[in-house]
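Single-letter residue listing:
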Amino acid sequence: MSKILAAITAVGGYVPETKLTNFDLEKMVDTNDEWIRTRTGIEERRILKEPGKGSSDMAVPAIQEILKKRNLQATDIDCIICATVTPDMVFPATANIIADKLGAANAWGFDLSAACSGFLFALTTGTSFIESGRYKKVIVVGVDKMSAIIDYTDRATCIIFGDGAGAVLLEPTTEELGIRDSILRSDGSGSKYLHMKAGGSLKPASVETVLAKEHFAYQEGQAVFKFAVKGMADVSAEIMERNNLSAADVAWLVPHQANLRIIDATANRMGLDKEKVMINIQRYGNTTAATIPLCLWEWESCLHKGDNIILSAFGGGFTWGAIWLKWAY
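Computed from a predicted structure; not experimentally measured.

1. Topic: the packing of helix H3 (residues 56–70) against helix H4 (residues 94–102)
Packed helices, taken two at a time, are described by the angle their axes make and the gap between the axes.
Here's step 1: With their axes 9 Å apart at the nearest point, H3 and H4 run at an angle of 55 degrees to one another. Classified by the interaxial angle, the pair formed by H3 and H4 is oblique. Where H3 crosses over H4, the handedness of that crossing is right-handed. Here Ser-56, Asp-57, Ala-59, Val-60, Ile-63 and Gln-64 of H3 come into contact with H4, specifically with Thr-94, Ile-97, Ile-98, Lys-101 and Leu-102.
Here's step 2: Residues that form the contact of H3 with H4 fall into these classes: 6 nonpolar, 3 polar and 2 charged.

This is the structure we're talking about:
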């Protein structure tokens, strides 16, 4: 009997209409377009500005696009895994809210928090559910409304992040396609460099924490950059070596869109030409868990059945990892 593998069979994405450009930020904080572009590669990012809208409101249209492409009903979905650090609320899980808004009455689901590596962690988890044979249709969605936790007077963070959602459908296949290998890592000692100071059980919300702006993302950029360059490059090279893949074998690198210099360093370590690297950071900035699926969504028409694709990410926590997959359609 052939082994069951998990294949991505459709992708969907959503970004809000409102654009926040570098020139807009020049009016808000002490920075400028050239400084941002040369250090990050970002020119603009999308912001979910409508009142009363949260991460689930971006995830739902991304998943609806998948259902339309595959001619499926929401009730066909078995499970929804939502990778996010900006859930609609602490509980219930945003995955459950998404299921309710979709009408996915037969789906169970949960949220997974691994910052910018969240989509990779969630994709690996969803793959295990498919490979077990118990589930046939698993949605993995990476979504973040980073504008909700960014201090727009802090130039260290406000220039980097944007809002968006990207999703994939995982289904079983007996062909030698789909998710083939993953390497996932984490190191909690890095948490001091990138975290949110308050709002959890350690330091619950109070008047003092709000006044001290401790409910926003805090980052020590230089430390994070140093770890990210090494972590993403090392793990991407490692998954190639482990599976005897040369640069010529790899059709695409799909890197987390945090910083153009980190992406370039990863591609160089893998020996890949820039033409094989998906880059949309200039338009969307860092959408955290959504960056990798948003790339797959934008490049879908360029992907061919059997293509070797490497997904690679690094995030707060620290978390990092790489996945090797063979495109299934």
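Continuing now.
2. So, the sheet that holds strand E13 (residues 319–326)
Here's step 1: Taken together, 4 strands build an open sheet; the order of strands is E8-E13-E12-E11 and the sheet is mixed. What marks the edges here is a single partner per strand, and that holds for strand E8 (178–186) and strand E11 (250–255). Mean inter-strand twist for the sheet, computed between neighbouring axes without regard to direction, equals 15 degrees.
Here's step 2: Direction of pairing for E8 relative to E13: antiparallel, over a ladder of 8 bridges. Its bridge partner lying in E13, Asp-181 is registered against Trp-324.

3. Regarding the sheet that holds strand E5 (residues 108–112)
Here's step 1: The strand order across the open sheet formed by 5 strands is E1-E7-E6-E4-E5, and the pairing between neighbours is mixed. Unpaired on one side and paired on the other, strand E1 (5–14) and E5 mark the two borders of the sheet. Taking each pair of neighbouring strands and ignoring which way they run, the sheet shows an average axis angle of 20 degrees.

4. A few points about the packing of helix H8 (residues 221–242) against helix H9 (residues 260–270)
Here's step 1: Following both chains from N to C, one finds H8 and H9 inclined at 30 degrees, their axes separated by 9 Å at the closest point. The angle between H8 and H9 falls in the class roughly parallel. Of the two possible hands of crossing, H8 and H9 adopt the one that is right-handed. Contact residues: H8 offers Phe-225, Ala-228, Val-229, Met-232, Ala-233, Asp-234, Ser-236, Ala-237 and Met-240, while H9 offers Arg-261, Ile-262, Ala-265, Thr-266, Arg-269 and Met-270.
Here's step 2: Considering only residue class, the contact of H8 with H9 consists of 10 nonpolar, 2 polar and 3 charged.

Criteria and cut-off values
Residues numbered from 1 in each chain as written. Predicted model: local features only at pLDDT ≥ 70, side-chain atom pairs only at ≥ 80, totals over all residues. Heavy atoms only, no water. Axes fitted to C-alpha atoms, helices over the stretch in contact; angles between N-to-C directions. Helix = DSSP H or I, 4+ residues; strand = E, 2+ residues; numbered from the N terminus. Parallel < 35°, antiparallel > 145°, perpendicular 65-115°, else oblique. Left-handed = near helix turned anticlockwise from the far one by under 90°. Contact = heavy atoms within 4.5 Å. Nonpolar A, V, L, I, M, F, W, Y, C, P; charged D, E, K, R; others polar. Pairing = 2+ DSSP bridges.

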